[in-house]
Amino acid sequence: AQTVTQSQPEMSVQEAETVTLSCTYDTSESDYYLFWYKQPPSRQMILVIRQEAYKQQNATENRFSVNFQKAAKSFSLKISDSQLGDAAMYFCAYTGNTGKLIFGQGTTLQVKP
Amino acid sequence: NAGVTQTPKFQVLKTGQSMTLQCAQDMNHNSMYWYRQDPGMGLRLIYYSASEGTTDKGEVPNGYNVSRLNKREFSLRLESAAPSQTSVYFCASRPSWSISGELFFGEGSRLTVL
């Protein structure tokens, strides 16, 4: 069975600085997608970025980028120029051939002014 | 555009009572999901429906039943609520069974079982 692990329950970053959130996963599948979702205090789940396993190039969306290391089964999220609005819980997620989306435990990010 | 709508948003139950969480999406999506969110455990999949007429168990199905009433609606039923089912429940949908598809979430339903 596939698993997703986020080992950092909480992280903090100074406004305008850069922070990296870690995620590791376990799978025997070769074709899959990885996602990062953001959950602000409103509880709404918002897609931040996605990465296809077959693409070697790391995905980027504005200030958000990933470091995808397929052999190491690692998928970290880098947030550059952190803003107060980035404060939220972040979830790493995996989906493979079954179509199910499996989430990690989440990392709460605090942004200090 | 409503997206994914869940009702009710809040509910308090006594142990042993039953209730149904309703979910409807207006995006013509094929696949629908029910998750529960607990502190320190992330989102765990309860049941999912790949398409109208099919349902399958996820990671934590015990104590729950689901019905895919039609393409739009996917309900979650607690037959005999237990305190361990106190949680925030999320319904989600996505266009197809394609693994690249983004999940669209409802706003969540907070359930407390006393």
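A. Spotlight on the interface of chain A and chain B. Listed per partner, the contact involves 24 residues of chain A and 27 residues of chain B. Per-residue buried area on chain A facing chain B is highest for R43, K100 and F103 of chain A; these three make up 29% of the total on that side. Between chain A and chain B we count one salt bridge in total. Inspection of the region where chain A meets chain B yields eight residue pairs in polar contact (both at pLDDT 80 or more). Within the residue set of the side of chain A that touches chain B, elements represented by two or more residues are strand 5 (33-39), strand 6 (46-52), strand 10 (88-95) and strand 11 (101-103) of chain A. Sort the elements by how many residues they give to the side of chain A that touches chain B and strand 5 of chain A lands first, with four residues.

B. Broad picture of the nonpolar core. Residues and elements named next belong to chain A. Ranked by internal contacts, the top residues of the largest apolar core, which has 26 residues, are Y25, W36, F75, L77 and Y90. Mapped by element, the contributors of at least two residues to this core are strand 3 (19-21), strand 5, strand 6, strand 8 (64-69), strand 9 (74-79), strand 10 and strand 12 (107-112). A total of four residues in this core trace back to one element, the largest contributor, which is strand 10. In contact with L77, not counting residues within four places along its chain, are V19, T20, L21, W36, V48, I49, F64, S65, V66 and Y90.

Scoring rules and cut-offs
- Residues numbered from 1 in each chain as written.
- Chains lettered and ligands numbered in written order.
- Predicted model: local features only at pLDDT ≥ 70, side-chain atom pairs only at ≥ 80, totals over all residues.
- Heavy atoms only, no water.
- Contact = heavy atoms within 4.5 Å.
- Buried area = accessible area lost by both parts, 1.4 Å probe.
- Salt bridge = Lys/Arg side-chain N within 4 Å of Asp/Glu carboxyl O.
- Polar contact = N/O pair within 3.5 Å; in protein donor to acceptor, adjacent residues only side chain to side chain.
- Helix = DSSP H or I, 4+ residues; strand = E, 2+ residues; numbered from the N terminus.
- Core = buried A, V, L, I, M, F, W, Y, C linked by side-chain atoms within 4.5 Å.
- Buried < 20%, exposed > 50% of the residue type's maximum accessible area, 1.4 Å probe, protein only.

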